[in-house]
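# Tertiary structure, described
Each chain is listed here by its residues.
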Amino acid sequence: MDARSRRSRESLRDAVLDLAGRMPISEVTVSSICAAAGVTRDTFYRHAESPVQLLADALSAEIDAAMEILPQTDAIGDGERALLEHIRRRASVYRGAMQPLLAAPVRSNLEASIRSGLLLWAELHAEIVPPVFAADASAMRIAVAYAAAGTVGAIEEWLRSDDDDIDRAVRLILAASPEWWLR
């Protein structure tokens, strides 16, 4: 991606995050994003299909940055904490994307980021993976899908609760997780 396109993408991401932090994403328009980002509608549509898709993309980029901690830690709780710190920092954005569940593109990208993190974790710590999953890629994908979807559901409930206690949320999510992930 060339520098101009990269600047436009960053301006659009900043604009949608700012607007979605102040109002529900369902009320954010392409026109308001373009005005805030200082770009044309044509530029918007070169980067996104809709405000909610742009929001999902912007949040995914931040989650990816937060998950860079995984190769540097030996505790899955550190990754969970980094994810929840991102979500707490953007709580107004996530709450504005709930109707009552997260908007589909936001939920899908969050779940995909968690899946990627779990697959990386299993790759970095292959000794924790039970033989039934280690020997069967399809079974491993099922285990990862289950854990990722459950984590997203827990995050949605955490957001609804207005509980800001990350340590408590990490403890509860890890307590609900299959024990083998925690070894």
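As a reminder, the structure under discussion sits directly above these lines.
Residues numbered from 1 in each chain as written. Predicted model: local features only at pLDDT ≥ 70, side-chain atom pairs only at ≥ 80, totals over all residues. Heavy atoms only, no water.

With 21 residues, helix 7 (residues 104–124) should reach 30 Å at 1.5 Å per residue; the first-to-last C-alpha distance of 30 Å fits that figure. Looking only at helix 7, the buried set comprises Val106, Leu110, Glu111, Ser113, Ile114, Gly117, Leu118, Trp121 and Ala122. Residues of helix 7 that are buried make contact with helix 4 (51–66), helix 5 (76–89), helix 6 (91–96) and helix 9 (137–161). (Helix = DSSP H or I, 4+ residues; strand = E, 2+ residues; numbered from the N terminus. Expected span 1.5 Å × (residues − 1). Buried < 20%, exposed > 50% of the residue type's maximum accessible area, 1.4 Å probe, protein only. Contact = heavy atoms within 4.5 Å.)

Take leucine 110: it is sitting in helix 7. Sequence-wise, leucine 110 and alanine 36 are 74 residues apart; in three dimensions their C-alpha atoms are separated by 25 Å. Non-local contacts of leucine 110, meaning those with residues more than four positions away in its chain, are made with Ile63, Leu83, Ile87, Tyr94, Leu102, Val152 and Ile155.

So, on to the pattern of salt bridges. In this structure the tally under the stated criterion is 14 salt bridges. Ionic pairing is found between aspartate 57 and arginine 13, a salt bridge with its closest N-O pair at 2.9 Å. Within this pair, whereas aspartate 57 is found in helix 4, its partner arginine 13 is found in helix 1 (residues 3–22), the two being separated by 44 residues in sequence. A relative accessible area of 23% places aspartate 57 in the partly exposed class. On the basis of relative accessible area, arginine 13 is assigned to the buried category, the value being 11%. Its salt-bridge partner being aspartate 167, residue arginine 81 comes within 2.4 Å of it at the nearest N-O pair. Here arginine 81 is found in helix 5, whereas its partner aspartate 167 is found in helix 10 (residues 166–176), with 86 residues between them in sequence. Through salt bridges with shared partners, a single network forms among Arg9, Glu10, Arg13 and Asp57. (Salt bridge = Lys/Arg side-chain N within 4 Å of Asp/Glu carboxyl O.)

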